[in-house]
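Chain and residue survey
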Amino acid sequence: MSSRKVVELFYDVVSPYSWLGFEVMCRYRNLWNIDLKLRPAFLRGVMQGSGNKSPVAVLNKMHYMIHDLRRLAEYFDVPLQQPSDPEEVMFNKGSLAAMRFVAAVQQKGGDKKTEKVSRELWRRIWSEDKDITEPASLSEAAVKAGLTDGEIKEVLEMCTSKEIKEKLKSCTEEALKLGAFGFPMMVCHVDGKPEMFFGSDRFELMAHCIGEKWLGPNPDKAKL
Ligand SMILES: N[C@@H](CCC(=O)N[C@@H](CS)C(=O)NCC(=O)O)C(=O)O
């Protein structure tokens, strides 16, 4: 049997397209011969570091995205819904606290808990129009993800540590070095060479490059 290919998924919970990419990668993790590595990072740092401009700076692009996300939610079977004030949520409030929290969860609890907490944070911001900046909001997401009160207290304390700030920063810098200009970014390591894909709309090509089969965004339903 061929050795498992490593696929790194760089994401930020402020990014709705990252949620789509994340759910697809989680669905395919056991179907494809891959080792999925979650790489929580900071989208604003990637945008600034790469000199990219927000896609919503162009009005027509913003209108397209709003429409696109509505139909993608149904296509991907992800309960994505526009928050009432996307600008406030994405640009004013942002995701620094949330992504430090995710980085701390990963440090303390590994990828399984990181997956669950990330999903609950996306659900809050991109489905239920709820805050993800306050400690109480982060705690609520962590409770839903199954963390204990003790774990949550420890993770919240870790968020302000130099170690966790550095962890998020270095993952963001790594993404930039690999060529990131936005999220989601998937990096497949094929024969020791990194192959980068941007967006939740590159899975067909990715599957081709790693020698796997693309069965659409929901492979379990495709098999029925
Ligand atoms: N076509 C991509 C779009 C992904 C996308 O727009 N991601 C945003 C964050 S939610 C981004 O980083 N955009 C940077 C850019 O488009 O240059 C997809 O379908 O996933």
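Residues numbered from 1 in each chain as written. Predicted model: local features only at pLDDT ≥ 70, side-chain atom pairs only at ≥ 80, totals over all residues. Heavy atoms only, no water.

The name given to the protein in an unreviewed UniProt entry is Glutathione S-transferase kappa, with Amphiprion ocellaris as the source organism. The Sequence similarities (unreviewed entry) field of the UniProt record for the protein holds the comment "Belongs to the GST superfamily. Kappa family." Of the protein, the UniProt comment under Catalytic activity (unreviewed entry) reads exactly: "RX + glutathione = an S-substituted glutathione + a halide anion + H(+)". (UniProt positions renumbered as here; feature names shortened; annotations may be inferred.)

**A short note on the overall build of the protein**
Looking only at helices and strands, the protein has 10 helices and 4 strands in total. Going from N to C terminus, the protein has its helices and strands arranged as β-α-β-α-α-α-α-α-α-α-β-β-α-α. Taking 17 Å as the expected radius of gyration for a compact globule of 224 residues, we find that the protein reaches 17 Å, a close match to that expectation. Principal-axis analysis of the C-alpha atoms places the extent of the protein at approximately 45 × 40 × 40 Å. Evaluated residue by residue, the protein yields a buried proportion of 48% over its 224 residues. In the protein, once contacts between residues fewer than 6 apart in sequence are set aside, the share between residues at least 24 apart is 72%. Per element, the accessible surface of the protein, about 11,300 Å² overall, is 52% carbon and sulfur. Charge-centre separation for the protein: the mean point of 33 positive side chains lies 2 Å from the mean point of 32 negative side chains. (Helix = DSSP H or I, 4+ residues; strand = E, 2+ residues; numbered from the N terminus. Rg over C-alpha atoms; globule rule 2.2 N^0.38 Å. Buried < 20%, exposed > 50% of the residue type's maximum accessible area, 1.4 Å probe, protein only. Contact = heavy atoms within 4.5 Å. Areas by Shrake-Rupley, 256 points an atom, 1.4 Å probe, with all protein chains shown as cover. Lys, Arg positive; Asp, Glu negative; His and termini not counted. Charge placed at Lys NZ, Arg CZ, Asp CG, Glu CD.)

**Here's the deal with the packing of aromatic side chains**
Overall, the coordinates contain 9 aromatic pairs when judged by the stated rule. Look at Tyr11 and Phe22: their rings are 5.6 Å apart centre to centre, the planes differ by 55°, and that puts the pair in the tilted class. On the criterion of sequence distance, the pair formed by Tyr11 in strand E1 (residues 5-11) and Phe22 in helix H1 (residues 16-28) is long-range, its members being 11 residues apart. Exposure class is identical for Tyr11 and Phe22. Each is buried. For the ring pair Tyr28 and Trp214, a centre distance of 5.2 Å and an interplane angle of 20° mean the geometry is stacked. Of the two residues, Tyr28 sits in helix H1 while Trp214 sits in the loop between helix H9 (203-210) and helix H10 (219-223), which places them 186 residues apart along the sequence. (Phe/Tyr/Trp six-rings, centres within 6.5 Å; stacked < 30°, edge-to-face > 60°.)

**Points about the UniProt feature "active site" (unreviewed entry) in the protein**
Within this structure's numbering, the places UniProt gives as "active site" (unreviewed entry) are Ser15. Those residues in contact with Ser15 that sit more than four places away from it in its chain are Leu43, Trp122, Trp126, Phe183 and Pro184.

**Side note on the sheet that holds strand E2 (residues 34-40)**
Pairing within the open sheet is mixed, and its 4 strands lie in the order E2-E1-E3-E4. The open sheet terminates on both sides in strands that have one partner only, identified here as E2 and strand E4 (193-198). In this sheet, adjacent strand axes meet at a mean angle of 20° when their direction is disregarded. Contacting E1, E2 and strand E3 (185-190), H1 crosses the sheet at an angle of about 150° to E2. Lying on the sheet, helix H5 (residues 96-126) is in contact with E1 and E2; it crosses E2 at an angle near 90°. (Pairing = 2+ DSSP bridges. Axes fitted to C-alpha atoms, helices over the stretch in contact; angles between N-to-C directions.)

**Some details on the confidence of the model for the protein**
As a note on interpretation, predicted positions should not be read in detail where pLDDT is low. Here the protein shows a mean pLDDT of 95. Residues at 70 or above account for 98%. On the interface metric, ipTM, the complex scores 0.99, and its pTM is 0.97. (pLDDT = per-residue confidence, 0-100.)

**Side note on unusual backbone geometry**
With an omega of 0°, the peptide bond between Phe183 and Pro184 qualifies as cis. Assignment of secondary structure puts Pro184 in the loop between helix H8 (162-177) and E3. In this model, Asp77 sits at a positive phi of 60°, which is unusual for a non-glycine residue. Relative to the elements of secondary structure, Asp77 occurs in the loop between helix H3 (59-76) and helix H4 (86-93). Positive phi outside glycine occurs at Asp129, with the angle close to 55°.

**Overview of the site of the ligand**
What surrounds the ligand is a group of 13 residues, the closest being Asn52, Gly182, Phe183, Ser200 and Asp201. Separating a nitrogen atom of the ligand from a backbone N or O atom of Phe183 is a distance of 2.8 Å. Between the ligand and Ser200, the relevant distance is 2.6 Å, taken from an oxygen atom to a main-chain nitrogen or oxygen of the residue. Class assignment for the residues of the shell around the ligand results in 7 nonpolar, 5 polar and 1 charged. (Near = heavy atom within 4 Å. Polar contact = N/O pair within 3.5 Å; in protein donor to acceptor, adjacent residues only side chain to side chain. Nonpolar A, V, L, I, M, F, W, Y, C, P; charged D, E, K, R; others polar.)

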